[in-house]
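Notes for the structure review
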Amino acid sequence: MKDINWNNYSLETQAIRAGHKRTHEDEHSIPIFATSSYVFKSAEEAALRFTGQKPGNIYSRFTNPTVSAFQERLALMEKGERCLAFSSGMAAIMAVGMGLLKAGDHVVCSRGVFGNTVLMFQNYFSKFGVETDFVDLIDTAAWEAAIKPNTRFLFLETPSNPLTEIADISVLADIAHKHDCLLIVDNCFCTPVLQKPLELGADIVVHSATKYIDGQGRCVGGAVVASEEIIEKYIYPYLRTGGSTMSPFNAWVFLSGLETLAVRMKAHCDSAFELALWLEQQPSVAKVHYPGLQSHAQHELAKRQQSHFGGIVSFELTGGKEHAWKLIDATEMLSITANLGDVKTTITHPATTTHGRLTPEVRVAAGIKDGLVRISVGLENVEDIKKDISRGL
Ligand SMILES: *Cc1c(COP(=O)(O)O)cnc(C)c1O
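What you see is a predicted model, and the numbers here were worked out from it, not measured in a lab.

Near the ligand you find 13 residues, and of these Gly89, Asp186, Ser208, Thr210 and Lys211 are the closest. Contact distances for the ligand include 2.6 Å between a nitrogen atom and a side-chain N or O atom of aspartate 186. One of the side-chain N or O atoms of threonine 210 is found 2.6 Å from an oxygen atom in the ligand. Its residues assigned to classes, the shell around the ligand comprises five nonpolar, five polar and three charged.

Here we come to the sheet that holds strand β3 (residues 131-135). Each strand in a sheet pairs with another by means of backbone hydrogen bonds, the pair being arranged parallel or else antiparallel. Judged by pairing direction, the sheet is mixed, and its seven strands sit side by side in the order β1-β7-β6-β5-β4-β2-β3 without closing on themselves. The open sheet has two edge strands, β1 (82-86) and β3, and neither has a second partner. The average undirected angle you get between the axes of adjacent strands in this sheet is 20°. The pairing of strand β2 (residues 106-110) with strand β4 (residues 151-157) spans four bridges and is classified as parallel. Bridged to histidine 106 within β4 is threonine 151. Contacts between helix α9 (residues 228-242) and the sheet are confined to β1, β4, β6 (204-208) and β7 (222-226), with β1 contributing the most and set at about 20° to the helix.

Let's shift gears to the packing of aromatic side chains. Scanning all chains against the criterion turns up twelve aromatic pairs. Taking the centre distance of 6.4 Å and the plane angle of 75° together, the rings of phenylalanine 62 and tyrosine 236 count as edge-to-face. Linking phenylalanine 62 in the loop between α2 (43-50) and α3 (65-77) with tyrosine 236 in helix α9, this pair joins segments that are 174 residues apart in sequence. The exposure class of phenylalanine 62 is buried, given its relative accessible area of 12%. For tyrosine 236, a relative accessible area of 14% translates into the label buried. Each ring, one from phenylalanine 121 and one from phenylalanine 125, has its centre 5.6 Å from the other, and the planes form 45°; the classification is tilted. Judged by its relative accessible area of 2%, phenylalanine 121 is buried. Aromatic rings pair up to connect Phe121, Phe125, Phe153 and Phe155 into one cluster. Of note, lysine 321 hangs over the ring of tryptophan 325, and the distance from its end group to the ring centre comes to 4.1 Å.

Okay, the domain arrangement of the protein next. Structurally, the protein comprises domain 1 (6-259) and domain 2 (262-390). Contact with domain 1, which involves 38 residues of that partner, is made by 39 residues of domain 2. Here domain 1 and domain 2 share an interface that buries about 3,100 Å² over both sides, 59% of which is from carbon and sulfur atoms. Salt-bridge contacts for aspartate 168 lead to arginine 304; the nearest nitrogen and oxygen are separated by 3.5 Å. For the pair domain 1 and domain 2, the number of links is 14 residue pairs in polar contact (both at pLDDT 80 or more). Looking at the side of domain 1 that touches domain 2 residue by residue, the classes come out as 18 nonpolar, 13 polar and seven charged.

As recorded in UniProt, the feature "modified residue: N6-(pyridoxal phosphate)lysine" (unreviewed entry) lies at Lys211. Its place among the elements puts lysine 211 in the loop between β6 and β7. Owing to a relative accessible area of 11%, lysine 211 belongs among the buried residues under this scheme. Once residues within four sequence positions are removed from consideration, lysine 211 is found in contact with Phe114, Cys188, Asn339, Leu340 and Gly341.

Now for the packing of helix α4 (residues 89-100) against α9. Where α4 contacts α9, the axes come no closer than 8 Å and their chain directions differ by 115°. With respect to the hand of their crossing, α4 and α9 are arranged in right-handed fashion. Contact with α4, carried on its side by Met94, Ala95, Val96, Met98, Gly99 and Leu100, involves Tyr234, Ile235 and Tyr238 of α9 and no other residues of that element. Looking at the contact of α4 with α9 residue by residue, the class counts come to eight nonpolar, one polar and no charged.

Rules and cut-offs
- Residues numbered from 1 in each chain as written.
- Predicted model: local features only at pLDDT ≥ 70, side-chain atom pairs only at ≥ 80, totals over all residues.
- Heavy atoms only, no water.
- Near = heavy atom within 4 Å.
- Polar contact = N/O pair within 3.5 Å; in protein donor to acceptor, adjacent residues only side chain to side chain.
- Nonpolar A, V, L, I, M, F, W, Y, C, P; charged D, E, K, R; others polar.
- Pairing = 2+ DSSP bridges.
- Helix = DSSP H or I, 4+ residues; strand = E, 2+ residues; numbered from the N terminus.
- Axes fitted to C-alpha atoms, helices over the stretch in contact; angles between N-to-C directions.
- Contact = heavy atoms within 4.5 Å.
- Phe/Tyr/Trp six-rings, centres within 6.5 Å; stacked < 30°, edge-to-face > 60°.
- Buried < 20%, exposed > 50% of the residue type's maximum accessible area, 1.4 Å probe, protein only.
- Lys NZ or Arg CZ within 6 Å of the ring centre and 35° of its normal.
- Domains from an automatic or database assignment.
- Buried area = accessible area lost by both parts, 1.4 Å probe.
- Salt bridge = Lys/Arg side-chain N within 4 Å of Asp/Glu carboxyl O.
- UniProt positions renumbered as here; feature names shortened; annotations may be inferred.
- Left-handed = near helix turned anticlockwise from the far one by under 90°.

This is the structure in structure tokens:
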């Protein structure tokens, strides 16, 4: 196999070809290395590999060729120096916290992040003496005001789930760096196809590969992408010890997911845009949240920061929870599930599912109203999606 510098290629090409180190069997497609350990040619070689003086596989908790291929490919696509894969998106977020934080540290986190991310900081890191303050994603002044001398990092998702609010990554990166903090961005909703936070100044990108990277709702996985220094110093030692490893089978599924990611994202975005425009015209819809709409408060920022507006649309019904549940139950084809980023369109009532474990006060502060419905727009014909939603409108 030729030794190609994939940095010279575009994302679509990297997504299909980078990361595969062809074996002596000359396979065209990346194999699944279903092996927990590796053999060494001698006792000396084993010692050199364990100390890292000689590169090579050691044990699949932290080195596996299928997982490495996925890591190399996603690192290139995110324009990061190095990527580590994890057993889930939450395991990736956990790893960032475990690697970077110590008792007495402080975190500033967006209120609009994934429900379990809030719980991770609020219920778990707090047990070990790490305090977290939650701020409004789009209130730049609040981010800066919340920073303390012991703040280690700022953590956000943009667009937020489920309200699709957009934060200015470059502005927040500058604020973080001015105060000697890191900026961490959960890039799950955009994927590197739509947005590259590291290019905009973020220090670490985390992913739930479960969503768009898989794209077909099959596997749970996650990833952390950052500089060689951050990964080597803080994240890799934790993965090696903590063991929240991605399985080779899942890595193999995610590798093929990456191969179609660019075309899928474009199709998701096109349908989501059309659906959002249509929803805006429906009388029982009080508000549509979609960054592509002129009515979206950060529409201009979304245009600048993202290459397209994303596949998630949420909307508020005038009839509150009762109408939201009725609309969800009236659908015939859409999947009632909390997953997103699937080829199948999914419909969710955030207030009673993804955000149901938050206290009502936290939920209200995050703007998750009872009449809110979230759609992760899939790749079915968009007219069929509209027809299914209109049954309960
Ligand atoms: C789903 C999700 C996660 C958690 O990922 P898992 O793979 O389910 O553990 C984290 N962040 C965002 C934005 C998500 O949507």
